[in-house]
Amino acid sequence: MKKIPLLLMGCGGVGRKLIHHIVSCRPLHSKQGVRLRVVGVCDSKSMVVASDVFTEELDDECLAKICKAKSNGSSLLSLSSLGACQVVSSQEIARKAIDIAALLGKSTGFALVDCSASDETIAVLSPGVDMGCCVVLANKKPLTSSIEVYDKLVSQPRRIRHESTVGAGLPVIASLSRIISSGDPVYRIIGCLSGTLGYVMSEVEKGKPFSQVVNGAKSLGYTEPDPRDDLSGMDVARKGLILARLLGYRLDMVDIKVESLYPPEMQPDVMSVEDFLVNGLPLLDKDIEDRITKASSNGNVLRYVCLIENSRCEVGIQELPKDSPLGRLRGSDNLLEIYSRCYKEKALVIQGAGAGNDTTAAGVLADILDIQDLFS
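Residues numbered from 1 in each chain as written. Predicted model: local features only at pLDDT ≥ 70, side-chain atom pairs only at ≥ 80, totals over all residues. Heavy atoms only, no water.

Caption draft 1: Geometry of helix α9 (residues 210–219). Of all the residues in α9, the buried ones are Phe-210, Ser-211, Val-213, Val-214 and Ala-217. Seen from one end, α9 has its buried residues packed into an arc of 165 degrees, which puts them on one side. On its buried side, α9 packs onto α8 (195–204), α10 (228–231) and α13 (285–297). Just downstream of α9, Gly-221 is the residue with a positive phi angle, here 80 degrees. (Buried < 20%, exposed > 50% of the residue type's maximum accessible area, 1.4 Å probe, protein only. Helix = DSSP H or I, 4+ residues; strand = E, 2+ residues; numbered from the N terminus. Arc of directions from axis to C-beta. Contact = heavy atoms within 4.5 Å.)

Set out below in structure tokens:
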């Protein structure tokens with residue numbers, strides 16, 4: 001039985017789903033000759049870690065208690081009575097994580113798994129790479145940090161997986177990596193990389209006011225608590241930067257042209273969420289309606305897309321032919337068109353659910369198992 005130790009950073013929706021998948025897949029993994037040993041779980045304030053990471057792990061009962069505590073909004077510090085484990089406070093998390101990486105990193109296949117939404121994990125991931133650790137990311141921020149941090153994280157390309165940073169569980173990164181490795185030059189990528197904005201654009205196309213659609217998407221749970229987190233386009237820009245860097249473009253976030261769907265005077269530091277939803281959004285209806293009418297007169301539809309071409313990356317609303325893959329897109333699916341020498345006339349199209357804790361966590365789990373082929 002191959003035993004794979006891992007440290008999970010981030011115990012929000014994705015992290016808890018990952019723990020659930022790890023536990024529920026025990027019988028399947030056993031048949032595959034694999035055992036995932038969760039030696040530690042941390043959030044931004046505390047860490048629960050096995051008393052001896054060489055020989056012990058957080059058992060499934062312990063993992064269930066961790067998930068329950070986090071679901072209830074409790075701190076991991078409340079779990080100090082879990083038996084053969086330690087609870088570490090915030091000041092010691094990074095040092096403890098690096099100590100574990102130093103002990104387990106080189107030959108065990110030890111994986112640092114980042115399901116957080118923080119750039120503070122870079123302080124652990126970067127030295128972890130030097131120690132020979134594997135790195136598995138759902139968190140986009142490390143890969144969209146400075147180009148120097150990015151270079152460090154991908155310096156051992158066979159030891160890093162980050163499928164779930166773009167398109168959740170969709171095989172976007174894997175497909176692109178295979179195309180690049182085959183020597184087939186990718187010259188254009190265009191795609192809808194936000195289920196929220198995909199849903200919004202396809203609904204306003206039906207004649208519904210933009211404000212009504214956004215409020216409806218929020219009530220359905222499609223948006224962040226503050227919909228401006230989605231409407232700003234920054235999440236799409238981060239995904240675009242990850243793809244652009246994968247293609248070899250030496251870009252930073254400041255190099256990406258990003259179209260926000262609300263003006264500066266409606267930013268969160270100026271207008272409250274409630275004020276934005278009630279009074280701000282209706283002011284945007286007319287402009288979106290006019291753009292839809294103009295696009296329709298040209299035989300086109302509007303989609304909020306990421307475009308990577310000619311060493312540039314831009315994010316925003318574009319007019320696209322109705323009969324194109326993106327033009328036919330409806331609902332909250334993600335869709336990516338990849339154009340290369342081999343996919344010149346007809347793009348390689350990847351489509352499916354591109355968000356959700358369940359799908360994202362499944363992608364992370366697949367990455368953890370995939371990377372272990374190095375240590376078989």
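Caption draft 2: Looking closely at the packing of helix α1 (residues 13–24) against helix α14 (residues 357–371). Running from N to C, α1 and α14 cross one another at 60 degrees; their axes reach a closest spacing of 8 Å. As summarised for this structure, α1 and α14 are arranged oblique, according to the angle between their axes. With respect to the hand of their crossing, α1 and α14 are arranged in right-handed fashion. Judged by residue contacts, Gly-13, Val-14, Lys-17, Leu-18, His-21 and Ile-22 of α1 engage Asn-357, Asp-358, Thr-360, Ala-361, Ala-362, Val-364, Leu-365 and Ile-368 from α14. (Axes fitted to C-alpha atoms, helices over the stretch in contact; angles between N-to-C directions. Parallel < 35°, antiparallel > 145°, perpendicular 65-115°, else oblique. Left-handed = near helix turned anticlockwise from the far one by under 90°.)

Caption draft 3: View of unusual backbone geometry. Even without glycine at this site, Ala-168 takes up a positive phi of about 55 degrees. If you trace the backbone, Ala-168 turns up in the loop between β7 (160–161) and α7 (172–181). If you check the backbone angles, Asn-310 has positive phi at about 55 degrees while not being a glycine. Along the chain, Asn-310 turns up in the loop between β10 (300–309) and β11 (312–321).

Caption draft 4: Local environment of the pattern of salt bridges. By the definition in use, this model includes 23 salt bridges. In this structure, Asp-130 and Lys-152 form a salt bridge, with 2.7 Å as the shortest nitrogen-oxygen distance. In this pair, Asp-130 sits in helix α5 (residues 122–130) while Lys-152 sits in helix α6 (residues 147–153), placing the two residues 22 residues apart along the sequence. The closest approach of N and O atoms between Glu-205 and Arg-303, which form a salt bridge, is 2.7 Å. Residue Glu-205 is found in the loop between α8 and α9, and its partner Arg-303 is found in strand β10; the two are separated by 98 residues along the sequence. In this structure Glu-205 comes out as partly exposed when scored by relative accessible area, which is 28%. Several salt bridges share partner residues, and in doing so they unite Arg-26, Arg-35, Glu-57 and Asp-60 into one network. (Salt bridge = Lys/Arg side-chain N within 4 Å of Asp/Glu carboxyl O.)

Caption draft 5: Seen up close, the environment of Gly-352. Here Gly-352 lies in strand β13 (residues 348–353). In the structure, Gly-352 is positioned 18 residues away from Asn-334 in sequence and 5.6 Å away in space, judged by C-alpha atoms. Sequence-distant contacts of Gly-352, that is, excluding residues within four places in its chain, are made with Leu-170, Asp-333 and Asn-334.

Caption draft 6: The arrangement of α1 in detail. With twelve residues, α1 should reach 16 Å at 1.5 Å per residue; the first-to-last C-alpha distance of 16 Å fits that figure. Here α1 has its buried residues at Val-14, Gly-15, Leu-18, Ile-19, His-21 and Ile-22. Taken around the axis of α1, the buried residues stretch over an arc of 160 degrees, which confines them to a single face. Tucked into the core, α1 has its buried residues touching β1 (2–9), α2 (26–31), β2 (34–42), α3 (60–71), β5 (111–114) and α14. (Expected span 1.5 Å × (residues − 1).)

The values are spatial; any link to function lies outside them.
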